[in-house]
Amino acid sequence: MTTTGRVVVAGGCGAVGALLTAVLRAAGREVLVVDPAADPTTPGMLCADLTAPDTALAGALGDAALVVLAVPDVIAGAALPVLARLLPPHTLLVDTLSVKTPIAAALHTYRPGAPALGINPMFAPDLGLPGRPVLTVRHHDAPAADEFVTALRARGATVVETTADEHDRITAAVQVLTHAAILAFGIALDRLDVPGVAARVAAPPHTVLRALLARITGGTAEVYHDIQRTNPYADTARRALAEAVADLDAATDALPDFAALLDRAHTALGDGCPAAAELCAQLFATLPRDPGAVSSREERSRT
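Residues numbered from 1 in each chain as written. Predicted model: local features only at pLDDT ≥ 70, side-chain atom pairs only at ≥ 80, totals over all residues. Heavy atoms only, no water.

The name given to the protein chain in an unreviewed UniProt entry is Prephenate dehydrogenase, with the source organism recorded as Rhodococcus gordoniae. Taken directly from UniProt, the Sequence similarities (unreviewed entry) text for the protein chain runs: "Belongs to the prephenate/arogenate dehydrogenase family." (UniProt positions renumbered as here; feature names shortened; annotations may be inferred.)

Quick look at the structure:
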């Protein structure tokens with residue numbers, strides 16, 4: 001990546017912003033972190049509001065070769081008219097939003113023809129970038145976008161390029177549907193009021209679902225809410241989940257119907273079924289024999 005031109009990472013104190021700041025600095029870029037939570041006494045940090053920039057931020061934006069929006073979609077939407085006024089036409093704008101079709105339309109309105117790239121790290125930043133998938137959308141291509149993608153790959157990311165609509169259809173399945181299914185499992189578990197010993201006698205599938213539930217419910221509500229609220233295919237995904245549960249309920253009346261439903265679910269895996277089965281076997285092999293006991297030890301260590 002070229003080392004010329006300042007980089008501004010808005011939301012750089014957040015997990016995604018910090019991850020991308022590290023990527024860009026490793027590529028030799030001068031990065032200014034802009035965040036309301038930034039420590040103004042720390043070099044390379046500016047405490048400012050992207051939606052109402054002060055003189056210092058306005059000057060930094062006017063001199064920026066690259067601006068990264070590692071902020072929630074509400075802030076990004078509010079900031080875009082301001083950025084359209086302050087950014088030079090050649091500045092590459094990179095968004096990290098979990099939904100791409102709305103920002104694609106807004107970019108067409110406020111910065112038509114200006115370089116813009118959408119990225120979506122499909123993992124929690126604490127897992128690290130090497131070997132992790134990152135979806136990218138070239139809203140409006142430019143050499144600077146190539147350089148940014150190259151920097152991600154240089155840090156070990158697996159970059160998958162899509163259109164904005166493809167991105168949102170993919171994330172509706174792998175994020176909206178997945179998170180909804182796991183949260184629904186947790187809500188149902190709560191309604192059943194299961195005795196606490198259940199965790200210690202659970203079969204591996206239940207244990208894995210509990211682990212996934214702990215991961216999601218231990219995260220930031222704003223992030224998961226944005227995914228469920230803003231994706232244009234989110235309603236369709238949740239409705240498909242509800243209808244699938246209804247189909248399952250109806251299929252329990254007869255074995256042939258249940259077998260047909262099982263085959264239908266199997267078909268959804270396509271050619272990836274053998275690899276998925278192998279991955280499941282590996283996961284189950286690494287599970288503790290008594291996950292409830294592990295939880296008890298962890299609880300005692302915190303007290």
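A.B. asks: Break down the packing of helix α6 (residues 164-192) against helix α8 (residues 204-217) for me, citing the residues and quoting the values.
C.D. replies: Each pair of packed helices can be described by the angle between their axes along with the distance between the axes. Packing of α6 against α8 leaves a shortest axis separation of 9 Å and a crossing angle of 105°. With respect to their mutual orientation, α6 and α8 come out roughly perpendicular. Where α6 abuts α8, its residues His-179, Ile-182, Leu-183, Phe-185, Gly-186 and Leu-189 lie against His-206, Leu-209, Arg-210, Leu-212, Leu-213, Ile-216 and Thr-217. For the contact of α6 with α8, the residue count by class is eight nonpolar, four polar and one charged. (Axes fitted to C-alpha atoms, helices over the stretch in contact; angles between N-to-C directions. Helix = DSSP H or I, 4+ residues; strand = E, 2+ residues; numbered from the N terminus. Parallel < 35°, antiparallel > 145°, perpendicular 65-115°, else oblique. Contact = heavy atoms within 4.5 Å. Nonpolar A, V, L, I, M, F, W, Y, C, P; charged D, E, K, R; others polar.)

A.B. asks: Just give me the short version of the pattern of salt bridges, but keep the residues and values in it.
C.D. replies: A full pass over the atoms with the stated rule returns 10 salt bridges. A salt bridge links Arg-138 to Glu-161, with the nearest nitrogen and oxygen atoms 2.8 Å apart. With Arg-138 in strand β7 (residues 133-140) and Glu-161 in strand β8 (residues 158-162), the pair connects residues that are 23 residues apart, well separated along the chain. With a relative accessible area of 24%, Arg-138 lands in the partly exposed category. For Glu-161, a relative accessible area of 40% corresponds to the partly exposed category. A salt bridge links Asp-226 to Arg-229; the nearest nitrogen and oxygen atoms lie 3.4 Å apart. Of this pair, Asp-226 and Arg-229 both sit in helix α9 (residues 221-230), three residues apart, roughly one helical turn. (Salt bridge = Lys/Arg side-chain N within 4 Å of Asp/Glu carboxyl O. Buried < 20%, exposed > 50% of the residue type's maximum accessible area, 1.4 Å probe, protein only.)

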